[in-house]
Amino acid sequence: MNFAIVGCGFIAKKHANAIRNIEGANLIAVCDRVPELMEPYVDEYGATPYTELEEMLMNHKIEVVCICTPSGTHAAIAELAAQYGKHLIVEKPIAMTLEEADRIISASEDNDIKLAVVHPNRFRPVVLKLNEIMEKKLLGSISHALCLVNWNRGQEYYDQSPWRGTKEHDGGVLMNQAIHNLDLLLSFMGSPTEVFSMEETRFHDIEAEDISTGIIRFESGALATVQASTNVYPKNYEESITIFGEKGTVKIGGPNALYMETLVVEGLDDTETESYINEVKADPLGMPGHEQIIRDMIDAIKEDRQPVVSGKEGKQALELVLAFYESAEKNKPITLCKGDTLHDDNPNNITRTDRKIYI
Ligand SMILES: NC(=O)c1ccc[n+]([C@@H]2O[C@H](COP(=O)([O-])OP(=O)(O)OC[C@H]3O[C@@H](n4cnc5c(N)ncnc54)[C@H](O)[C@@H]3O)[C@@H](O)[C@H]2O)c1
């Protein structure tokens, strides 16, 4: 299967490496406005460089386009690529506005192509174990959850490119970093109905927020507290999700949420509990998430099914971030639409643990 990458900056390297690792997948074209950035892909992969997107899209051999440009540019690029019949892997966030996200989803439906959004944390070994626990309903009814992202990003991180930290093209810690955790929270907790949040820009010279704290109410009645920041001294301190149920408590955590730090469940004996914890510890990273996303896209095309992280799921995470922003701006709770659960977006009726994971 032939791939192209649009936007040859930081994250493009992960896509290219992942494509290289998959037998039968080839990176045949790259596009960037800055010709020098494409040179490594020409030299190492034999990819053809294009500075004009449409010229690249006319190449009939390309089947999948990975969109790795600044977030505010995803929609226009996705729409054009979809018109040329290319399947789409769009970096997170799917877009910066709901209107843009809808345009991408409509373009994929109208042109009958597959659309995946890059939320690679879905494939982490610890997350797969938590999925298993949630699907077996081992925790019973869920009372609440706690989602923490306390990381460090220096000013130099934001100064790398003019688009970083802007409201139009990047957003702050919620849109850029914690959106992965909000995506996970949605996959564990279901649909949100209400959000109330506060945010500030404390330590960085950027337009968007570097600290955000908020509360979510879910359709089930469960609540979650979310706290995300890039202000933590001197390095990444923690990334965690804790779920509190009537029959158990589970925490996935560590500086990068790779481990099962707490697992106390009524129905699990010591041996079962240790095996959950130790299986994750044996291989906390697993196969790189970008490779999982790309393998999943190849199979979704072959099997004519939705990718694991569909466009609609990407939009739900975006919608939650935007509700946080609106709440902080208006200083009042924001009500979200009911009834659009993640599993409604699963026409193949594949449960999360049934979904194929590549080892
Ligand atoms: N999934 C993840 O974990 C993850 C991690 C980092 C970044 N991202 C996302 O990936 C995207 C890119 O981030 P990055 O850090 O690689 O940015 P970057 O600034 O390093 O790279 C972006 C590249 O896009 C090019 N570009 C901009 N507009 C273009 C256009 N219209 N056509 C062609 N090329 C264009 C730029 O020249 C640049 O080379 C963002 O949406 C970001 O949120 C995702």
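These figures come from a predicted structure and were not determined experimentally. (Residues numbered from 1 in each chain as written. Predicted model: local features only at pLDDT ≥ 70, side-chain atom pairs only at ≥ 80, totals over all residues.)

## A look at the sheet that holds strand 6 (residues 115-118)
Reasoning step 1: Read across the open sheet, the 6 strands follow the order 3-2-1-4-5-6; overall the sheet is parallel. Two strands in the sheet have a free side with no partner beyond their single neighbour: strand 3 (48-50) and strand 6. Each neighbouring strand pair of the sheet contributes to a mean axis angle of 20 degrees, computed without reference to strand direction.
Reasoning step 2: With respect to the sheet, helix 2 (residues 35-45) is in contact with strand 2 (26-31) and strand 3, its orientation differing from that of strand 2 by roughly 165 degrees. (Pairing = 2+ DSSP bridges. Helix = DSSP H or I, 4+ residues; strand = E, 2+ residues; numbered from the N terminus. Axes fitted to C-alpha atoms, helices over the stretch in contact; angles between N-to-C directions. Contact = placed C-beta atoms within 7 Å.)

## Considerations on the site of the ligand
Reasoning step 1: Taken together, 24 residues surround the ligand, and among them Gly-7, Gly-9, Phe-10, Ile-11 and Glu-91 come closest.
Reasoning step 2: Per-class residue counts for the shell around the ligand are 13 nonpolar, 7 polar and 4 charged. (Near = placed C-beta within 6 Å. Nonpolar A, V, L, I, M, F, W, Y, C, P; charged D, E, K, R; others polar.)

## Some details on the pairing of strand 6
Reasoning step 1: Side chains Leu-115 and Val-117 of strand 6 all project onto a buried face; the interleaved residues Ala-116 and Val-118 project onto the opposite face, where all are buried too.
Reasoning step 2: Pairing between strand 5 (residues 87-91) and strand 6: 4 bridges, direction parallel. Of the residues in strand 6, the one forming a bridge with Leu-88 is Leu-115.
Reasoning step 3: This β-α-β element, strand 5 to helix 5 (residues 98-110) to strand 6, shows right-handed connectivity. (Buried ≥ 20, exposed ≤ 12 C-beta atoms within 10 Å, placed from the backbone. Right-handed = clockwise from strand over helix to strand, strands pointing away.)

## A few points about the packing of helix 5 against helix 11 (residues 311-330)
Reasoning step 1: It is the contact of helix 5 with helix 11, at a shortest axis distance of 10 Å, that shows an interaxial angle of 175 degrees. The orientation of helix 5 relative to helix 11 falls into the category roughly antiparallel. Packed against helix 5, whose contacting residues are Leu-98, Ala-101, Ile-104, Ile-105 and Ser-108, the element helix 11 presents Gly-311, Lys-312, Gly-314, Lys-315, Leu-318, Glu-319 and Leu-322 at the interface.
Reasoning step 2: Class assignment of the residues belonging to the contact of helix 5 with helix 11 gives a composition of 6 nonpolar, 3 polar and 3 charged. (Parallel < 35°, antiparallel > 145°, perpendicular 65-115°, else oblique.)

## A few points about unusual backbone geometry
Reasoning step 1: With an omega dihedral of -15 degrees, the bond running from Lys-92 to Pro-93 counts as a cis peptide bond.
Reasoning step 2: Looking at where Pro-93 falls in the secondary structure, it is placed in the loop between strand 5 and helix 5.
Reasoning step 3: Across the junction of Tyr-233 and Pro-234, the peptide omega takes the value -5 degrees, indicating a cis bond.
Reasoning step 4: Examined against the element boundaries, Pro-234 turns out to sit in the loop between strand 10 (223-229) and strand 11 (238-245).
Reasoning step 5: Positive phi outside glycine occurs at Lys-137, with the angle close to 55 degrees.

## A word on the nonpolar core
In globular proteins that are soluble, nonpolar side chains generally tend to be buried together.
Reasoning step 1: By size, the foremost hydrophobic cluster in this structure holds 102 residues, and its most contacted members are Ile-5, Ile-89 and Val-321.
Reasoning step 2: If you tally residues by element for this core, the top one is helix 8 (residues 173-189), at 11 residues.
Reasoning step 3: Taken together, domain 1 (2-113) and domain 2 (122-286 + 313-345) each give at least three residues to this core, which thus spans both.
Reasoning step 4: Beyond its immediate chain neighbours, meaning those up to four positions away, Val-321 contacts Pro-93, Gly-171, Leu-174, Met-175, Ile-179 and Leu-182. (Core = buried A, V, L, I, M, F, W, Y, C linked by C-beta atoms within 7 Å. Domains from an automatic or database assignment.)

## Considerations on the domain arrangement of the chain
Reasoning step 1: The domains assigned to the chain are domain 1 (2-113) and domain 2 (122-286 + 313-345).
Reasoning step 2: Summarising the inter-unit geometry, the C-alpha centres of domain 1 and domain 2 are found 27 Å apart.
Reasoning step 3: Counting from both sides, the interface comprises 12 residues of domain 1 and, opposite them, 15 residues of domain 2.
Reasoning step 4: Sorting elements by how many residues they give to the side of domain 1 that touches domain 2 places helix 5 first, with 3 residues.
Reasoning step 5: Here the side of domain 1 that touches domain 2 is composed, by residue class, of 9 nonpolar, 2 polar and 1 charged.

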